Amino acid sequence: MSMATDSATSGLHLVGKLLDPASRPDPYPVYAEFRALGPVWVEEISALVVPGYRDCETLLRDHRLSSERWRHFDAARDADPYPPDAPPSVRQPWFLSMDAPDHTRLRRLVSSAFTARTVARMEPYVTRLVDDLLDEACEQDTFDVVSGLAYTLPMTVICHLLGVPTADERLFHGWSAQLTRQLDGFSAPGDGEEELWAGGMVEMHRYINELVADRRRSPRRDDLISELLAARDGGDVLSHDELVSTLVLLLVAGHETTVNLIANGVLALLRHPGHLAALRDGQPKASVLVQGDGQAKASPLVQGDGQVKTPTVVRGDGQARTSAVVRGGRVTADAVVEEVLRYDPPVHLTARVAREDLRVGDAQAPAGALVILLLAAAHRDPEVNPDPDRFDPAREQVWHLGFSAGPHFCLGAPLARLEGRVALDAFARRVREPRLVADPPPYREHINLRGVSELRVAHGGR
Ligand code: HEM
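Everything numeric here is computed off the predicted structure, so don't read it as measured data.

*Asks:* How should I be thinking about the packing of helix 9 (residues 152-162) against helix 13 (residues 240-271) in this particular structure?
*Replies:* Relative orientation and spacing of two packed helices are given, respectively, by the angle between their axes and the distance between those axes. The geometry of helix 9 relative to helix 13 is characterised by a closest axis approach of 8 Å and an angle of 150° between their N-to-C directions. In this view, helix 9 runs roughly antiparallel relative to helix 13, as classed from their interaxial angle. Between helix 9 and helix 13 lies a crossing whose hand is right-handed. Residues L153, P154, M155, I158 and L162 of helix 9 form the contact with helix 13, whose own contacting residues are L247, L250, L251, G254, H255, T258, V259 and I262.

Shown next as structure tokens:
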């Protein structure tokens, strides 16, 4: 048997292991096997699977790869899943799945309205909301971090950002669970799920179409929809369908991902009580500011031993990297967020389509094939992150692709970082003597947006 056949066989074997629900609580040993194998073409799924950090980072910027995944997946679907009377916006592709120049145009228009200022002014609201949610949760002897904090926070924040009336928020909670499947992309739909998903999508589009029409009639101040309606790039504006489709993208892309960041963060802290204590006793404020333009500013810190240290800031992939910031052995919530994004990321993989024949290491993929970038495997590549299986928010440097890299770098990263920082910091300070009720906790079936379905915590009272 040739080498090529060997690796193809083990590639398929590893894909099978990854898809097995038994791997959900801890897929990292399977990722280590993928890394040992290197980039591999898996004939049965017509995909090139890439597990190494440097390969993933390079490919995320490679123009020979396209983000128009829907062409690939739609080809595998038999029919348009939407009813004929669905609003036209439902067929408008998300810019997440577009390439330049269309992607560049839409992203530029949306970024001009969804700015660092938009996010910064959300902070008091996010802080108040987290405090209220934890007040309520701590009334019980045990509470579920997912339903009590991680799930509610991002959905309520996005609804607030869009100006959805509070009474309608529950509609979004109902739709979100169905829509996540679409973003996960790698879980086969069960019986009737495709229709359920398409139905949820159509209802959500109808609602947002009306919301946009309402804002067009009576624009508001400090409201993202009104700002997107006013967004201009030279003479260019967003069309109605582009605007609606973008709002749905913000909702879908910003919800389950942030749920996972908060829940994975709490889980990691509960499994590492030393770091939880360090966070509780540490400084809540950011010490490294990552600005909208990807530049970072670091302020010198006085360490426990009295020495002054400037935190290392490493620039890679056009985004500044925060290093872990240690204050006399204490850890900041920003550092915890970055380490969670590396160690147990909310998004495990992303995919591209090869525009032309491609070779990565010893593996080759023909034009039109899917290229699967195993981000969660890349984060534990010892070539970039030493001792990668250790959760350590006090690392000197943390390298991750948790928000991707290149032209599709997550547009919501500042909002996700804000929510993660506020939630983890408040959890550490407010919840006394927290303990996991079940370890491992139960996981949802999703492979890509992998996360716990429940995270029950017992605590020592208010
Ligand atoms: C894109 C992760 C939160 C909006 C992405 C991508 C990743 C990602 C990996 C790029 C996928 C690719 O390259 O194929 C995350 C994680 C989050 C998070 C881990 C939470 C911890 C948010 C939030 C929002 C958001 C809160 C907005 C409210 C977007 C948008 C894109 C995107 C609009 C598309 C960017 C583009 O294609 O140019 N995100 N995201 N995300 N994310 Fe996020």
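Having put the structure on the table, let's press on.
*Asks:* Mind showing me how you'd approach the environment of F172 here?
*Replies:* Relative to the helices and strands, F172 is located in helix 10 (residues 169-184). With 92 residues separating them along the chain, F172 and D80 place their C-alpha atoms 23 Å apart. Setting aside residues up to four positions removed in sequence, F172 forms contacts with M155, C159, V164 and L251.

*Asks:* Would you explain unusual backbone geometry in this entry?
*Replies:* Across the chain, the bulk of peptide bonds are trans and the bulk of non-glycine residues have phi less than zero. Of note, the amide linkage connecting A100 to P101 takes the cis form, showing an omega dihedral of 5°. With respect to the element layout, P101 can be found in the loop between helix 4 (69-76) and helix 5 (102-113). Of note, the bond from D439 into P440 is cis; its omega dihedral lies within 30 degrees of zero at 5°. Here P440 is to be found in the loop between strand 17 (435-436) and strand 18 (456-458). Residues other than glycine seldom take positive phi values, yet D387 does so here, at roughly 50°. In this fold, D387 is placed in the loop between helix 16 (375-378) and helix 17 (413-430). One non-glycine residue, S404, adopts positive backbone phi at about 70°. Along the polypeptide, S404 turns up in the loop between helix 16 and helix 17.

*Asks:* What is the right way to read the sheet that holds strand 13 (residues 350-354) from this model?
*Replies:* The strands making up a sheet associate through backbone hydrogen bonding, with each pair oriented either parallel or antiparallel. Ordered by their spatial adjacency, five strands build an open sheet running 1-2-16-13-3, and the pairing between neighbours is mixed. Of all strands in the sheet, those with a lone pairing partner are strand 1 (40-42) and strand 3 (65-66), marking the two edges. Across three bridges, the pairing between strand 1 and strand 2 (residues 47-50) is antiparallel. Within strand 2, the residue paired with V40 across the bridge is V49. Strands in contact with helix 3 (residues 53-60) are strand 2, strand 3, strand 13 and strand 16 (370-373); relative to strand 16, the strand with the most contacts, it is inclined by about 130°.

Calculation rules
Within each chain, residue numbers correspond to sequence positions counted from 1 in written order. Residue-level local features of this predicted model are given only where pLDDT is at least 70; pairs of side-chain atoms are given and counted only at 80 or more, and the full residue set underlies all totals for whole chains, interfaces and linings. An axis is simply a line fitted to the C-alpha atoms; with a helix, the fit covers only the stretch in contact. Between two such axes, the angle follows the N-to-C directions and lies from 0 to 180 degrees. Helix and strand assignments come from DSSP, with helices taken as H or I runs of at least 4 residues and strands as E runs of at least 2, each series counted from the N terminus. Should an angle fall under 35 degrees it is called roughly parallel, over 145 degrees roughly antiparallel, and 65 to 115 degrees roughly perpendicular, with every other angle called oblique. If you view the pair so one helix is near and one far, a crossing is left-handed when the near helix is turned anticlockwise from the far one by less than a right angle, and right-handed when it is turned clockwise. By the convention adopted here, residues are in contact when the distance between their C-beta atoms, placed from the backbone, does not exceed 7 Å. Only strands joined by at least two bridges in the DSSP assignment are considered to pair.

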